[in-house]
Protein chains: 2
Amino acid sequence: MKQAEIKRAFEGYLRRRSLKLTTQRARIFDRAFATHEHFSAEVLYDWLSKEPGVKVSRATVYRTLSLLQDGRFMKSLDVGRGEMVYEHVLGHGHHDHMVCTDCGRIEEFHDERIEDLQLEAARKKGFEIVSHDHRLIGYCRSCSAKRKKDATAAHVSRAAAAS
Amino acid sequence: MKQAEIKRAFEGYLRRRSLKLTTQRARIFDRAFATHEHFSAEVLYDWLSKEPGVKVSRATVYRTLSLLQDGRFMKSLDVGRGEMVYEHVLGHGHHDHMVCTDCGRIEEFHDERIEDLQLEAARKKGFEIVSHDHRLIGYCRSCSAKRKKDATAAHVSRAAAAS
DNA sequence: TTTACTGCAAATTCTTTGCAACAAC
DNA sequence: GTTGTTGCAAAGAATTTGCAGTAAA
């Protein structure tokens, strides 16, 4: 497990900028890295409120998430639901996302060929890429299957009603 | 010019859904299609407020933009600045965007090979794509050039100061 | 005349901030 | 002791909504 290692990096990061390692920050850090799912600030706040430990306010959650992003310990992504979603950068490198509109599930994908084509497109326009945002919106495997089943059921019942 | 044609389509769209073609809606439609740039709801509202014509409230601007999206006359895109940006769908097909963080300029690009690779990625995960969002964030040609010049100037002046 | 639409202001949602009390260092 | 942090509640920013009056059809 390299979570201990990255936590040390976080502590060093704070020290270097003369920031303090408060119990709240430690708790937020631990909780955020304890999950491998994506979560919103509100969800993280809920977890912290329900689980035992020092009180952490919503404001501190937001402030610490910004801090973690500045230090490149976490990334935020806009999945188009009005709220930001966070993920830690423990290990896994760059990737893009597929967001299920039904259940909210987020899948990751990566294709180096797409990255290359992006660079090519940017070069053509003289554009200097700093970052990019690429997400596919639709239905994950299980929601897609469910929808197809429902559509079929509806079709059958319509046919029955018409007969 | 096919703007007249698409306007008729909009009128038909309203009629079919027993909605009314109010002077406000007509004005918003005309103004939105009169530009080939991307704009936010607020900017459109400003245009309408300053230019002569019937009064249009902010609420109506928002409501009409939603309506235009529902009817596929316009698309909205989230450029990551907290507000939505709109573009009409007059003619030009699907494309993605490059957003300049310095000047806000938005460039369009399209590469069918990227579209294919997206489909391939989705297929692998059993994901059913409904839409996607792909944007490159960085500096447009002129802002990029300006930044490079500034960086060089700063470097030169630092060197001079140190000597 | 009926039904939809508009403007207004209040409400919402997510996120940020000012400030006084407080905890790291 | 300093200096940075926290919690709270108020402030923001973009967008939506309830309602009473107004204008299309």
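A brief report on the enclosed structure follows. Source: prediction; values computed, not measured.

1. Quick look at the packing of helix α3 (residues 41-50) of chain A against helix α4 (residues 58-70) of chain A
All names here are of chain A.
Moving on, step 1. Put simply, α3 and α4 touch, their axes get as near as 10 Å, and they point 125° apart. Of the possible angle classes, the one that applies to α3 and α4 is oblique. Considering only the axes of α3 and α4, their crossing is right-handed. The segment α3 lies against α4, with Ala41, Glu42, Leu44, Tyr45 and Leu48 engaging Arg58, Val61, Tyr62 and Leu65.
Moving on, step 2. Looking at the contact of α3 with α4 residue by residue, the classes come out as seven nonpolar, no polar and two charged.

2. What to know about the pairing of strand β2 (residues 74-78) of chain B
The side chains of a regular strand alternate between the sheet's two faces.
Residue and element names in this part refer to chain B.
Moving on, step 1. Bridge count for β2 against strand β3 (residues 84-88) is five bridges, and the pairing is antiparallel. Bridge pairing in β3 links Ser76 to Tyr86.
Moving on, step 2. Here β2 folds back onto β3, and the loop between the two strands holds five residues, one of which, Gly80, carries a positive phi near 75°.

3. Observations regarding the packing of helix α2 (residues 23-33) of chain B against helix α3 (residues 41-50) of chain B
Residue and element names in this part refer to chain B.
Moving on, step 1. Two elements in contact, α2 and α3, have axes separated by 11 Å at closest approach and are oriented at 110°. With respect to α3, the axis of α2 lies roughly perpendicular. Once α2 is placed against α3, the crossing between them reads as right-handed. Of α3, the residues touching α2 (which contributes Arg27, Ile28, Arg31 and Ala32) are Leu44, Trp47 and Leu48.
Moving on, step 2. Tallied by class, residues from the contact of α2 with α3 come to five nonpolar, no polar and two charged.

4. A short note on the protein's contact with DNA strand D
Moving on, step 1. In the vicinity of DNA strand D, 21 residues are found, and the nearest of them are Lys20(A), Lys55(A), Ser57(A), Thr60(A) and Arg63(A).
Moving on, step 2. Between DNA strand D and Lys55(A) there is a distance of 2.5 Å, counted from a phosphate oxygen to a backbone nitrogen or oxygen.
Moving on, step 3. At a separation of 2.7 Å, a base nitrogen of DNA strand D approaches a polar side-chain atom of Arg63(A).
Moving on, step 4. For the surface near DNA strand D, the elements supplying multiple residues, two or more each, are α2 (23-33) and α4 of chain A together with α4 (58-70) of chain B.
Moving on, step 5. Of the residues contributing to the surface near DNA strand D, the split by class is seven nonpolar, seven polar and seven charged.

5. Focus on the interface of chain A and chain B
Much of the literature gives interface size as the accessible area that the parts lose upon coming together.
Moving on, step 1. Contacts between the two partners involve 35 residues from chain A, matched on the other side by 35 residues from chain B.
Moving on, step 2. Carbon and sulfur atoms make up 57% of the surface buried where chain A meets chain B, a total of about 3200 Å² over both sides.
Moving on, step 3. Our count for the chain A to chain B interface comes out at four salt bridges.
Moving on, step 4. Close ionic contact of Arg135(B) with Asp133(A) constitutes a salt bridge, the shortest N to O distance being 3.3 Å.
Moving on, step 5. Taken together, the links from chain A to chain B amount to 18 residue pairs in polar contact (both at pLDDT 80 or more).
Moving on, step 6. Those elements that provide at least two residues to the side of chain A that touches chain B are β4 (96-100), β5 (106-109), α5 (112-125), β6 (128-139) and α6 (141-162) of chain A.
Moving on, step 7. Partitioned by chemical class, the residues of the side of chain A that touches chain B number 15 nonpolar, seven polar and 13 charged.
Moving on, step 8. Sheet topology note: the β6(A)/strand β6 (residues 128-139) of chain B ladder contains eleven bridges and is antiparallel. Across the sheet, His132(A) pairs through a bridge with Leu136(B), a residue of β6(B).

6. Quick look at α4(B)
All names here are of chain B.
Moving on, step 1. The first and last C-alpha atoms of α4 sit 19 Å apart over 13 residues, in line with the 18 Å expected at 1.5 Å per residue.
Moving on, step 2. Taken together, the buried residues of α4 touch α1 (3-16), α2, β1 (39-40), α3, β2 and β3.
Moving on, step 3. Downstream of α4 by one or two residues, Arg72 has phi in the positive range, about 65°.

7. Some words on the pairing of strand β4 (residues 96-100) of chain B
Residue and element names in this part refer to chain B.
Moving on, step 1. Burial runs high along β4: five of the five residues are buried.
Moving on, step 2. Where burial is concerned, the two faces of β4 agree: the one with Asp96, Met98 and Cys100 and the one with His97 and Val99 are both buried.
Moving on, step 3. Where β4 hands over to strand β5 (residues 106-109), the hairpin turn is made up of five residues, of which Gly104 adopts a positive phi near 80°.
Moving on, step 4. Where β4 and β6 come together, four bridges link them in parallel fashion. Its bridge partner being in β6, Met98 is matched across the sheet by Leu136.

8. Concerning the side chain of His88(A)
Moving on, step 1. Looking at the element boundaries, His88(A) is found in strand β3 (residues 84-88).
Moving on, step 2. Within the local environment of His88(A), its side chain forms a polar contact with the backbone oxygen of Thr35(A), the two atoms lying 3.3 Å apart.

Calculation notes
Residues numbered from 1 in each chain as written. Chains lettered and ligands numbered in written order. Predicted model: local features only at pLDDT ≥ 70, side-chain atom pairs only at ≥ 80, totals over all residues. Heavy atoms only, no water. Axes fitted to C-alpha atoms, helices over the stretch in contact; angles between N-to-C directions. Helix = DSSP H or I, 4+ residues; strand = E, 2+ residues; numbered from the N terminus. Parallel < 35°, antiparallel > 145°, perpendicular 65-115°, else oblique. Left-handed = near helix turned anticlockwise from the far one by under 90°. Contact = heavy atoms within 4.5 Å. Nonpolar A, V, L, I, M, F, W, Y, C, P; charged D, E, K, R; others polar. Pairing = 2+ DSSP bridges. Near = heavy atom within 4 Å. Polar contact = N/O pair within 3.5 Å; in protein donor to acceptor, adjacent residues only side chain to side chain. Buried area = accessible area lost by both parts, 1.4 Å probe. Salt bridge = Lys/Arg side-chain N within 4 Å of Asp/Glu carboxyl O. Expected span 1.5 Å × (residues − 1). Buried < 20%, exposed > 50% of the residue type's maximum accessible area, 1.4 Å probe, protein only.

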